[in-house]
Amino acid sequence: MDRGKMVVNSDECKGCGLCISQCPVGCIEFDNETINKQGYHPAKYKGSGCTACGICFNVCPEPGAITVYKLVKA
Amino acid sequence: MYEPILSKPKSFFETYKEKTGDQTITHYCPGCGHGIVHKYVASALDELNLTDRAIFVSPVGCSVFGYYYFNTGNLQAAHGRAPAVATGSKRVNPDSIVISYQGDGDLAAIGTAEIIHAANRGELITVIFINNAIYGMTGGQMAPTTLVGQKTTTTPRGRDPHNEGYPVKMCELISQLNAPIYVERVALNNAANRAKAKRAIKKALKLQSERKGFTFVEVLSQCPTGWKVDAPDALKWIEEKMIPYYPVKVFKDTSNEAEPYPEAKEIISGEKVFEILGIKRDEKKEETIKYEIPEKYKNPRIKIAGFGGQGVLLLGVALAQVGMMEGYNVTWIPSYGPEMRGGTANCSVNISDSLIGSPVVEKPTILVAMNKPSMEKFEKDMVSGGILFYNTAMIDTEPQRDDIIKVPVPATKIASDLGNIRVGNMVMLGAIIEKTKLLPLETVKSGFEYFISRKNLIPLNEKAVEAGMNYIKENNL
Amino acid sequence: MSKELLKGNYAVIKGALLAGCVAYFGYPITPASEIAEAAAYYFPLAGRTFVQAESEIASINMVYGAAGAGVRCMTASSGPGISLKQEGISYIAGSELPCVIVDVMRGGPGLGNIAPEQGDYHQVVKGGGHGNYKCAVYAPNSAQEMCDLTYKAFETAEKYRNPVFVLADGFIGQMMEQVEFGKLDPVTPKKLDWGVHGTADSKNLINSIYLDPDELEAHNRKLQEKYKKMEENEAMFETYKTEDADIVLIGYGITSRILRTVVDEARKAGIKAGLFRPITLWPLAKDELNKLKNSAKKFFVVEMSNGQLVEDIRLVVEGKIPVEFHGRMGGNVPTVDEVLEITKKLS
């Protein structure tokens, strides 16, 4: 299991691509299948590889567009 | 199991109810640095538990709507004036955490005076300065921080230092001042610098909460729209163009040595205010006139004139003060403005048993001329039957009028004989009250404490008044 | 003795402290500087704030910040400084904040001089900043009124959440007179609920932006309603011997005192003269003027300006009565003789 995961609230994403360009492991991509309510292809998590480093959160200009999760032992 | 470690900070509103249009997203362009810095501010307020005490001052610029987002007290300021607004707010809310959030046009152009002086006063506020080298809101014009050669809509051929000067380095300027305790420039170009930016903002707010002093964080931030590049390339532009000119570093940090500011003083109110104002409050009804001025000199309209330094204004104040103490209505107006030309000072004094209309004495019933120009200027204005006191120590000519009473007094000479040439005015006061019985000596004496500010000089002034009285008596004037 | 011989400028600050003013922000300028000096001396003694700002612009924006907390605060200046403050005053009016601004007028335009004039009437009474706003304007004519009307100005400002002016001239500011303090009750400073105090229960917004034209129009209509109420309730004036007057002299500030003497002198010469003195320049006491318009034959406005109040007097009487004007400028104060002479000619 990956150490982390990131979730994009796709309606809040403006498709600027900063999280994609800054993710050190390249685990985020544009969701070209989706056009959100603002008319952008939002970013989305590829589904694996996240280390919960938080870089995507800290480069994302939208307050609520990205949430980063960390794996904790139950 | 996954737990959220980074999510929308609580210091933001859940939905942006003040905003028009979509209330779940910001008004900023895609990739804009403002949203990132907003997030750092909100995170810091969350982590420091300062949200409820925070007052966010929104500027004019792209962040004009900062108040849409922060679940704090919010003030929206005029262009460039955020540090002044923050000053006013913090001074009357000393326990609050005040953030002046400004762009480069706001802070480094139109608001240069406000930022420099708020910093110099060491206001207990935190200034977050977004430097993106362009005017975003108005559509991409030159900013004071626009780089040399950078094309904007108002530098279409690139910024030319011979026409527009050089980009302003604010951290360098602010850090030269004594008062600021923490000045750092950070950048949003890469993860390491963003982490530093986040820490800097948190540190600044923490220092403010500890009442340590003025804190200033400049953020080199991207404006993909204004720069006409996509967001990821904008980060490179910060790195390649901005950072070489605007070094990213701590310019000043004296926070460890800085002593916290003293707590704000308690506001005093109630009857104590009268005490502070030196007012002895009594509810007694209107005081009536205690001393009858002889009919001949009733309701005098007095002009006193001389060189500046002869104490003519003070002589007027003395007459007004004593007149008031005797229950009369009084006015005193100093000459100032055009009348001061030619080196003479003068004042108008009215002492009246009824309401005083015009306080300006155009036709004196009593003229005191302490020097020659004054006599030349005002003698002709006197009413017929008026009384002229003139300082013969300084006036070697005789008055011209035949229809006035003339009282020559060598006031300056008498004062000089008393050992202080400056009390000529009080010699004249003595002469006036002896000759006219305008006011009683006893009240003059008890009035000294109101119009002689240096208490140790009161005995000398008293002597001077008596010398003036004696001169009138001895010379049967 | 609760009476004190005091300059009008000092009386302002004593009145302000008694009115519960907690903060003074200002910049020195002749002939208003004693106001700042008195504030610098007394405010800290009472635990209140005095800041000498770097500019008139900064000082009015500090007022905006403090007024935004819902506390009583003030600034003072003279013509050129008031010109600089106008942007901030517009923001304060737009954001519906209360504050008191004292203008001790000097000669203009431009650098002009420091002698008394009344040439700021337009920029103060008409609202010199941008937008559809009004400020109440009190025009004291004595040191006593410098104190009393400053005190009153704070009440009006707070009542309507609006900037209020005390408009004096250099003579009223510089003149010393007896001032009686016995009648004023000291107000205990407080922070009003709508203000931003930096607490969990004061997360309010102080703002003058309304992007939507309809919203901004609605805001403006609300402001106009407020101004209408002020017009109905706040006009103050004084009359002297107007009951049987054929010629009504009109003036404010120092001029009104000269006119009072002129009225007495004119009556000695057999002319039925009277005096109407507006104490509030806005709102103007229109009802009284309209009454006088019917009883008198002529109005005669005297100002230390090129004729500014006279425009408003003419607007009120709508040409129903001749309105004559005499103005002095440059710092020259009209003399009793000169005004009396004209009064005689007009009668």
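Basis of the calculations
Residues numbered from 1 in each chain as written. Chains lettered and ligands numbered in written order. Predicted model: local features only at pLDDT ≥ 70, side-chain atom pairs only at ≥ 80, totals over all residues. Heavy atoms only, no water. Pairing = 2+ DSSP bridges. Helix = DSSP H or I, 4+ residues; strand = E, 2+ residues; numbered from the N terminus. Axes fitted to C-alpha atoms, helices over the stretch in contact; angles between N-to-C directions. Contact = heavy atoms within 4.5 Å. Disulfide = S-S within 2.5 Å. Buried < 20%, exposed > 50% of the residue type's maximum accessible area, 1.4 Å probe, protein only. Buried area = accessible area lost by both parts, 1.4 Å probe. Salt bridge = Lys/Arg side-chain N within 4 Å of Asp/Glu carboxyl O. Nonpolar A, V, L, I, M, F, W, Y, C, P; charged D, E, K, R; others polar. Expected span 1.5 Å × (residues − 1). Polar contact = N/O pair within 3.5 Å; in protein donor to acceptor, adjacent residues only side chain to side chain. Domains from an automatic or database assignment.

(A) Spotlight on the sheet that holds strand β11 (residues 344–352) of chain B. Across the sheet, eight strands lie side by side as β14(B)-β13(B)-β12(B)-β9(B)-β11(B)-β10(B)-β9(C)-β1(C); this open sheet has mixed pairing. Each of the sheet's edge strands pairs with one partner strand only, and the pair in question is β14 (405–409) of chain B together with β1 (3–7) of chain C. Here the strands of the sheet are splayed against their neighbours by 20 degrees on average, with no regard to which way each runs. As paired elements, strand β9 (residues 301–307) of chain B and β11(B) share seven bridges and run antiparallel to each other. Bridge pairing links B:Gly306 to B:Ala345 in β11(B).

(B) Structural context of the sheet that holds strand β6 (residues 182–187) of chain B. Read from one edge of the open sheet, eight strands run β8(B)-β6(B)-β7(B)-β5(B)-β4(B)-β2(B)-β3(B)-β10(C), paired in mixed fashion. What marks the edges here is a single partner per strand, and that holds for β8 (250–253) of chain B together with β10 (205–206) of chain C. Its contacts with the sheet put helix α2 (residues 82–92) of chain B on β2 (54–58), β3 (73–76), β4 (97–103) and β5 (125–131) of chain B, and the angle it makes with β4(B) is roughly 175 degrees. Across the sheet, helix α9 (residues 231–245) of chain B is in contact with β5, β6 and β7 (215–220) of chain B; its angle to β7(B) comes to roughly 130 degrees.

(C) Fine view of the environment of C:Ala245. In this fold, C:Ala245 is placed in the loop between β11 (237–240) and β12 (247–250). Setting aside residues up to four positions removed in sequence, C:Ala245 forms contacts with C:Arg267, C:Lys272, C:Ala273, C:Gly274, C:Ser295 and C:Ala296.

(D) Spatial organisation of the state of the cysteines. For the structure shown, the criterion picks out zero disulfides over all chains. For the unlinked cysteine A:Cys60, the closest cysteine sulfur is that of A:Cys19, found at 6.4 Å. Assessed through its relative accessible area of 9%, A:Cys60 is described here as buried. Cysteine B:Cys29 is unpaired, with the sulfur of B:Cys32 as its nearest cysteine sulfur at 6.3 Å.

(E) Representation of the interface of chain B and chain C within the structure. Chain B puts 75 residues into the contact, and the matching count from chain C is 82 residues. Taking both sides of the interface into account, the surface hidden between chain B and chain C amounts to around 6400 Å²; carbon and sulfur atoms contribute 62%. For the pair chain B and chain C, the interface holds four salt bridges. Those elements that place two or more of their residues in the side of chain B that touches chain C are β3, α2, α4 (112–121), α10 (272–276), α11 (312–325) and β10 (329–334) of chain B. Residues of the side of chain B that touches chain C, tallied by class, amount to 35 nonpolar, 22 polar and 18 charged.

(F) Inspection of helix α7 (residues 191–209) of chain B at higher detail. Residues and elements named next belong to chain B. In a regular helix each residue adds 1.5 Å, so 19 residues correspond to 27 Å; α7 covers 27 Å between its end C-alpha atoms and thus fits that length. Within α7, the full set of buried residues consists of Asn193, Arg194, Ala197, Lys198, Ala200, Ile201, Ala204, Leu205, Leu207 and Gln208. Between a side-chain oxygen at the N-terminus of α7 and the backbone nitrogen of alanine 192 the separation is 3.2 Å; the capping residue is asparagine 190. Just downstream of α7 lies arginine 211, where phi reads positive at about 60 degrees.

(G) Region of interest: the domain arrangement of chain B. Domain boundaries in chain B define domain 1 (33–253) and domain 2 (295–474). With centres defined by C-alpha atoms, the gap from domain 1 of chain B to domain 2 of chain B works out at 61 Å.

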